[in-house]
Amino acid sequence: MSIRLFSSAILTHLRLHKISVFAPVRYSRGFAPFGKPGSGNYGRTLGKQTVGLMELLRDKILNRVKSIPFNAKDSVFSIGDYGAADGSASVPFIGQLVANLKDQHGPEAQFQVIYEDTEVNDFNSLFKRVSGIIPDPQVYLPDMDNVYVLASGTDFYKQCVPSNSMHFIMCMISLHWLSETPVKYNNSLYKYPESSAEEKIALDRQAEIDLETFLLLRSREMKQGGLLIICAGCEINDMNTGEVKYLSDTLLTFLTEIWKEYRDSGKISNDEFLNTNLSLCFRNMDQLRKPFDDKLSAVSKSGLCLLSAETVIIPDIVYTAWKDKKDKKGIDDREEFARLYVATHRNWGNHTFLNGLSDSRSQEEKEKIVDGFYDKVEKRMSKINPEEIKDDFRFICLVVTKK
Ligand SMILES: C[S@@+](CC[C@H](N)C(=O)[O-])C[C@H]1O[C@@H](n2cnc3c(N)ncnc32)[C@H](O)[C@@H]1O
């Protein structure tokens with residue numbers, strides 16, 4: 001497809017889907033990171049969990065990367081980490097990736113690594129991690145010549161880099177965040193089994209539009225023969241029980257029930273409850289495959305082609321640490337479990353609760369309410385057997401190339 005036709009396909013797509021049938025909803029991406037900027041909070045908490053995903057997929061991806069066309073004489077190999085947070089989860093993988101590519105293409109080959117996230121991301125922590133000021137995990141940059149690190153503070157539902165410039169893009173555990181909140185959930189923060197049909201339809205519709213937008217934009221940015229890796233938090237059917245499970249569903253139920261208690265006791269108003277919506281969607285395999293399986297879709301026509309799609313489950317590290325301590329030392333430390341669990345997940349949830357509160361409240365008052373809320377979640381959790389909370393992390397990983 002020519003660039004002009006391709007641009008017009010994207011514009012038509014965006015224009016077509018702009019009209020919303022629902023009342024305006026407060027937009028709440030989980031993007032405003034929790035914790036002091038520059039403190040490396042993400043990598044100390046959630047990053048410790050998410051790094052496991054890349055470890056699991058590393059060899060398979062490194063193998064695929066070998067066949068990306070690249071001429072070291074007159075080109076720069078461009079790598080993108082989209083939705084990078086503070087870079088902690090991808091640093092070990094990108095170090096290995098660049099080392100392998102240097103072996104393959106020679107020491108003179110040049111590389112640029114573009115870390116992309118929203119404009120309010122903690123890029124200060126990212127550069128501290130990548131340069132080794134925060135030394136954990138071990139970094140690659142100080143030891144390697146010809147590797148240039150850049151950042152893009154651009155929403156990934158927009159074009160982030162020049163067209164036809166990227167050899168490799170990875171987007172780990174970020175694509176479940178939507179470009180907008182599709183609906184005000186009446187009695188929940190995210191889709192519940194008992195959510196209304198309208199709520200479910202609005203969510204699915206937004207998720208479909210956003211996936212297509214994201215893919216068309218990445219397709220435009222990628223070079224022919226380039227590789228795109230997407231791992232997204234997902235929804236799957238539990239083989240044992242037949243139940244539909246999605247990423248962190250036990251925790252989401254917990255958060256919802258306690259936020260409802262806040263509403264019912266008058267700590268927050270009903271409007272504030274209605275304004276607290278997680279702007280995310282855990283898609284299932286069919287939803288993620290659809291733009292590729294449909295050979296007439298704009299995504300397929302743009303040249304993107306699915307090489308593999310698989311479900312990957314990684315163990316919950318907070319639960320594993322609790323169990324190890326219990327089994328090996330005989331200490332059943334449920335308080336520590338609850339503290340670490342909340343610290344890990346507050347990263348992505350905090351902003352949503354703050355955002356739901358009325359602007360008639362001062363920022364200080366909002367923060368006090370949300371601090372109290374998370375304290376309550378932690379206390380409640382510490383009274384429950386972690387076996388009941390344990391939440392393995394479920395992802396769908398797509399490996400995509402551009403023909
Ligand atoms: C759970 S973190 C994942 C971080 C890292 N990739 C990892 O594997 O640990 C999700 C990241 O997606 C980012 N994100 C969410 N929506 C985004 C958007 N529209 N554009 C760019 N980044 C976005 C968030 O800011 C956050 O840093």
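Located above this text is the structure these notes cover.
Residues numbered from 1 in each chain as written. Predicted model: local features only at pLDDT ≥ 70, side-chain atom pairs only at ≥ 80, totals over all residues.

Peer 1: I'm lost on the overall build of the protein chain in this one. Help?
Peer 2: Tallying secondary structure elements over the protein chain gives 14 helices and nine strands in all. Against the 2.2 N^0.38 benchmark of 22 Å for 403 residues, the protein chain shows a C-alpha radius of gyration of 21 Å, consistent with a compact globule. Within the protein chain, buried positions represent 42% of all 403 residues. Partitioning the intrachain contacts of the protein chain with sequence separation of at least 6 by distance along the chain shows that 83% fall at a separation of at least 24. (Helix = DSSP H or I, 4+ residues; strand = E, 2+ residues; numbered from the N terminus. Rg over C-alpha atoms; globule rule 2.2 N^0.38 Å. Buried ≥ 20, exposed ≤ 12 C-beta atoms within 10 Å, placed from the backbone. Contact = placed C-beta atoms within 7 Å.)

Peer 1: Got a minute to help me understand helix 7 (residues 249-264) in this structure?
Peer 2: Given 3.6 residues per turn, any residue in an α-helix points the same way as the ones three and four places further on. Between its terminal C-alpha atoms helix 7 stretches 22 Å, which fits the 22 Å expected from 16 residues at 1.5 Å a residue. Contacts made by the buried residues of helix 7 are with helix 8 (270-274), helix 12 (334-356) and helix 13 (363-382). A positive backbone phi angle near 85 degrees is found at Gly266, which sits one or two residues after helix 7. (Expected span 1.5 Å × (residues − 1).)

Peer 1: Would you mind going over the site of the ligand with me for this structure?
Peer 2: Residues in contact with the ligand amount to 19 residues; listed here are only the nearest, Thr50, Gly83, Ala85, Ala89 and Ser174. Counted by class, the shell around the ligand contains ten nonpolar, six polar and three charged residues. (Near = placed C-beta within 6 Å. Nonpolar A, V, L, I, M, F, W, Y, C, P; charged D, E, K, R; others polar.)

Peer 1: I'm lost on helix 4 (residues 91-105) in this one. Help?
Peer 2: Taking 1.5 Å as the rise per residue, helix 4 with 15 residues should run 21 Å; its terminal C-alpha atoms sit 21 Å apart, in good agreement. Listed in full, the buried residues belonging to helix 4 are Val91, Phe93, Ile94, Gly95, Leu97, Val98 and Leu101. The elements touched by buried residues of helix 4 are helix 3 (46-65), strand 1 (76-82), strand 2 (110-116), helix 5 (123-131) and strand 3 (147-152). Backbone geometry just after helix 4 places Gly106 at a positive phi near 95 degrees.

Peer 1: What am I meant to see in the pairing of strand 1 here?
Peer 2: Burial analysis of strand 1 places six of its seven residues in the buried class, which makes it a mostly covered element. By the bridge criterion, seven bridges tie strand 1 to strand 2 in an arrangement that is parallel. Considered in strand 2, the bridge of Gly80 is made with Ile114. Summarising the sheet, strand 1 and strand 4 (residues 166-172) pair through four bridges and their orientation is parallel. Within strand 4, the residue paired with Asp81 across the bridge is Met170. (Pairing = 2+ DSSP bridges.)

Keep in mind these numbers describe shape, not what the thing actually does.
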